[in-house]
Amino acid sequence: MNDLHNINCENEGEQPVESVERSLEEVTMRLQQVEQALGEVIVGQREVVHQVLIAMLAGGHVLLEGVPGLGKTALVRAVAGVTGLSFRRIQFTPDLMPADITGTQVYDGKSAGEPFRFAPGPVFANIVLADEINRATPKTQSALLEAMQERTVTVGGTGYPLPEPFFVLATQNPLEMEGTYPLPEAQLDRFLFKVNVAFPTAEELLAIGALTTGAAELEIRTVLEPGELLKWQKMVRRVVLVKDVMDYAVRLVLATRPDAPEAPEGVCRFARYGSGPRGLQALLLGARAEALRAGRPGAGYEDVRRVAPAALRHRLLLNYEATAEGVSADDLITEILGSDLN
């Protein structure tokens, strides 16, 4: 009863428990409608869709990694269409410059006042698709750092706020592919989740072929109303998370650090660096969003465990020995989740 009483209460007054229960049911129902609408244009990838929506519910950015041609760009376009949010795509290439992303000051000779005006770049949208983000140089990649962290862009000493909500959904090719540049650790850390996009099964390939090569055009249904997502993001932060569960999330983060006593053998051997405070924030916000998505007023251990791979895999940096032996960050996270941290 107290858990229900804590969620979605405003400062000026508290909602009755019945109203809160209805709010939880509404969020669950509406997100099911979003997933259903996405399923009409995206074949398979249900877990990828789920994790992207959980990250957006938590107000965070997402890095999608997979080989070209798996529908990562189509997925982001579909998410923008279904949620009714403004959308811009930025194709990252080696010659892309920071001003091509943020915008720049341009001379306006017809202006009676200030001769220079700011021309906004494509980053000024609710959903920004940073397509193949690791094909641009680190200098250009870093143009998104302020936008992702502060939700503002500074040009010519003036700050310009970005629209709310604001999400960067970036796609990345595996680093072993030609023409890629590793993302700096500071930028990786600003993605709430990193989601791996797997190759489709034979059945999914058949469905993709039938859906995309037929005469019928794919139509994306807009499901959400303006402001719904912002309201749910506020609700996420009111989901109850008791101290025991928070302590468990802290132990998970510490276990990713090779110099910590909580670290299992694999982490000590194969990891160079582990997660920091943003990894803990991703675990807690992701767990709260998982609980809200399921219509529950409180998050538990399983919610933390469910989001742990997406929240931690890009924050676990491996050494050369791991590369030589084919050990991945997911392997180490599986070992951490299987260790006795309760």
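Residues numbered from 1 in each chain as written. Predicted model: local features only at pLDDT ≥ 70, side-chain atom pairs only at ≥ 80, totals over all residues. Heavy atoms only, no water.

### Regarding the packing of aromatic side chains
Test applied: Two rings from Phe, Tyr or Trp (for Trp, the six-membered ring) form a pair when their centres are within 6.5 Å of each other. A pair whose planes differ by under 30 degrees is stacked, one over 60 is edge-to-face, and the rest are tilted. Here a helix means four or more residues in a row that DSSP labels H or I, a strand means two or more in a row labelled E, and each is numbered from the N terminus. Relative accessibility thresholds used throughout: buried, under 20% of the residue-type maximum; exposed, over 50%; partly exposed, between the two (1.4 Å probe, protein chains only).
In total, this model carries three aromatic pairs according to the counting rule given. Between Tyr-248 and Tyr-301 the ring centres are 5.4 Å apart and the planes differ by 70°, which places this aromatic pair in the edge-to-face class. On the criterion of sequence distance, the pair formed by Tyr-248 in helix 11 (residues 243–255) and Tyr-301 in helix 14 (residues 301–312) is long-range, its members being 53 residues apart. A relative accessible area of 2% means that Tyr-248 is categorised as buried. The exposure class of Tyr-301 is partly exposed, given its relative accessible area of 35%. Cluster of aromatic residues (ring-pair linked, three or more members): Phe-118, Phe-124 and Tyr-160.

### What to know about helix 11
Convention followed: Each residue after the first adds 1.5 Å to the expected span of a helix. Note that the arc is defined by the directions from the helix axis to the C-beta atoms.
The terminal C-alpha atoms of helix 11, which comprises 13 residues, lie 18 Å apart, in line with the 18 Å expected from a rise of 1.5 Å per residue. For helix 11, the full list of buried residues reads Val-245, Tyr-248, Ala-249, Leu-252, Val-253 and Ala-255. Burial along helix 11 is one-sided: seen end-on, the buried residues are contained in an arc of 165°. Opposite its buried face, helix 11 presents the exposed residues Lys-243 and Asp-244, each directed more than 90 degrees away.

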